[in-house]
Amino acid sequence: MKVNESTEFLKPISQTNLYGYDEYFDFFQKLYDKNKLPNSLLLSGQKGIGKSTFAYHFINFLLSKDEKFPYDKKDFSINTNNSTYKLIISGTHTNLFVLDSSKDENIKIEQIRGLLLFLNKSSYYKGVKIILIDNAENLNINSSNALLKAIEEPNENTYFFIINNNSKKILNT
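Summary of the structure given here. (Residues numbered from 1 in each chain as written. Predicted model: local features only at pLDDT ≥ 70, side-chain atom pairs only at ≥ 80, totals over all residues. Heavy atoms only, no water.)

Remarks on the sheet that holds strand 3 (residues 129-134)
Sheet strands line up and pair through hydrogen bonds in the backbone, either parallel or antiparallel. What counts is decided by this rule: Here a strand pair is declared whenever DSSP counts at least two bridges between the two strands. Per the convention used, a helix needs a DSSP run of H or I reaching at least four residues, while a strand needs a run of E reaching at least two, with both numbered from the N terminus. Note on geometry: axes are C-alpha line fits, over the in-contact stretch for helices, and angles between N-to-C directions span 0 to 180 degrees.
Strand order in this open sheet of 4 strands is 1-4-3-2, and the pairing throughout is parallel. Each edge of the sheet is formed by a strand with only one pairing partner; in this case those strands are strand 1 (40-44) and strand 2 (96-100). For this sheet, the mean angle separating the axes of adjacent strands, direction not counted, is 10°. Relative to strand 3, strand 2 is paired through 5 bridges, and the arrangement is parallel.

This is how it looks when you write it as structure tokens:
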């Protein structure tokens, strides 16, 4: 497929349909339903294969369970009337913190400090707090160390979705 300047790609946050991740979604849902979903999940692989899209869909599923237009598990799709979707798109969902350094910029310690402040606030909706870190390979040593403590000692009902596109660049911590 040839890509030219007029080709437009949807960002993972805007994707309302999920393809090819049915088994992973079912597996994660079963773990969550049994209260066995790990608090930290590292999704690793080549950039562009749908890891972020999958994470946004699963996050929507977790946060929209009791809404009028919940996540459609049968078709693996998000209804655009879904309140959680609207809040996530606008960047205002009170129980979701997103760190995305998609421009190959380092994730700085100040950003992690903002995340730590978010973790110390009480949750407003259903008690579930979610942190999505996209492009984790861009964490520098200081931010990695600051993040490590939060991951090692998570609050109850707090889930970290960490997306890594380049395992050679991610720090061992």
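Digging into the pairing of strand 3
How we decide: The cut-offs for exposure are 20% and 50% of the maximum accessible area for each residue type, with area from a 1.4 Å probe on protein chains only; residues under the lower value are buried, those over the upper are exposed, and the others partly exposed. Seen with its strands pointing away from the viewer, a crossover is right-handed if its path from the first strand over the helix to the second goes clockwise.
Across the 6 residues that make up strand 3, a large majority, 6, are buried. Of the two faces of strand 3, the one carrying Lys-129, Ile-131 and Ile-133 and the one carrying Ile-130, Leu-132 and Asp-134 are both buried. Looking at chain direction, strand 3 and strand 4 (residues 158-164) are connected through 6 bridges and run parallel. For Lys-129, the partnering residue across the bridge sits in strand 4 and is Thr-158. For the crossover from strand 3 across helix 5 (residues 141-152) to strand 4, the handedness is right-handed.

Observations concerning empty space enclosed by the protein
The test is simple: Cavity: a set of points on a 1 Å grid over the protein atoms alone where a 1.4 Å probe fits but cannot get out. Pocket: an open set with protein on both sides within 12 Å along at least five of seven lines, its lining residues, like those of a cavity, having an atom within 4 Å of a point. Grid points are joined across faces, edges and corners, and a volume is the space filled by probe spheres set on the points. Under the scheme applied here, ten amino acids are nonpolar (Ala, Val, Leu, Ile, Met, Phe, Trp, Tyr, Cys and Pro), four are charged (Asp, Glu, Lys and Arg), and all others, including Gly, are polar.
The full count for this structure, using the stated rule, is 1 cavity of 30 Å³ or more. Taken together, Ile-13, Gln-15, Tyr-56, Asn-60, Ile-78, Tyr-85 and Ile-88 form the lining of the largest cavity. Of the residues assigned to the lining of the largest cavity, the class counts are 5 nonpolar, 2 polar and no charged.

As for the environment of Ile-131
Within the secondary structure, Ile-131 is located in strand 3. Along the chain, Ile-131 and Asn-95 lie 36 residues apart, while their C-alpha atoms are 8.4 Å from each other.

Brief notes about the packing of helix 4 (residues 109-120) against helix 5
Inclusion rule: The labels follow the angle: roughly parallel below 35 degrees, roughly antiparallel above 145, roughly perpendicular from 65 to 115, and oblique for the rest. Crossing handedness is defined as follows: a turn of the near helix away from the far one that is anticlockwise and smaller than a right angle gives a left-handed crossing, while the clockwise case is right-handed. Contact criterion: two residues are considered in contact whenever any of their non-hydrogen atoms come within 4.5 Å of each other.
One way to put it is that helix 4 packs onto helix 5 with a least axis distance of 8 Å and a crossing angle of 15°. Classified by the angle between their axes, helix 4 and helix 5 sit roughly parallel to one another. As for the relative orientation of helix 4 and helix 5, their crossing is left-handed in sense. Within the contact between the two elements, helix 4 uses Ile-109, Ile-112, Leu-115, Leu-116 and Leu-119 and helix 5 uses Asn-142, Ser-143, Ala-146, Leu-147 and Ala-150. Residue composition of the contact of helix 4 with helix 5, by class: 8 nonpolar, 2 polar and no charged.

A short note on the packing of aromatic side chains
Quick reminder of the rule: Ring pairs are drawn from Phe, Tyr and Trp, using the six-membered ring of Trp, whenever the two centres fall within 6.5 Å, and their geometry is named by plane angle: stacked under 30 degrees, edge-to-face over 60, tilted for the rest. Two conditions define a charge sitting above a ring: the NZ of Lys or the CZ of Arg must be within 6 Å of the ring centre, and it must be within 35 degrees of the ring normal.
For the structure on display, the rule yields 16 aromatic pairs. Judged by centre distance (5.4 Å) and plane angle (70°), the ring pair of Phe-25 and Phe-61 falls under edge-to-face. On the criterion of sequence distance, the pair formed by Phe-25 in helix 1 (residues 22-33) and Phe-61 in helix 2 (residues 51-63) is long-range, its members being 36 residues apart. Phe-61 matches Phe-25 in its accessibility class, with the two residues each being buried. Seen in terms of ring centroids, Phe-28 and Phe-54 are 5.3 Å apart; in terms of plane orientation they differ by 80°. Their pairing is edge-to-face. Here Phe-28 is found in helix 1, whereas its partner Phe-54 is found in helix 2, with 26 residues between them in sequence. Per residue, the accessibility class of Phe-28 equals that of Phe-54, and both read buried. Here the aromatic cluster, defined as three or more aromatic residues joined through ring pairs, consists of Tyr-21, Tyr-24, Phe-25, Phe-27, Phe-28, Phe-54, Phe-58, Phe-61, Tyr-71, Phe-76 and Phe-161. Of note, Lys-129 hangs over the ring of Phe-118, and the distance from its end group to the ring centre comes to 4.8 Å.

Keep in mind these numbers describe shape, not what the thing actually does.
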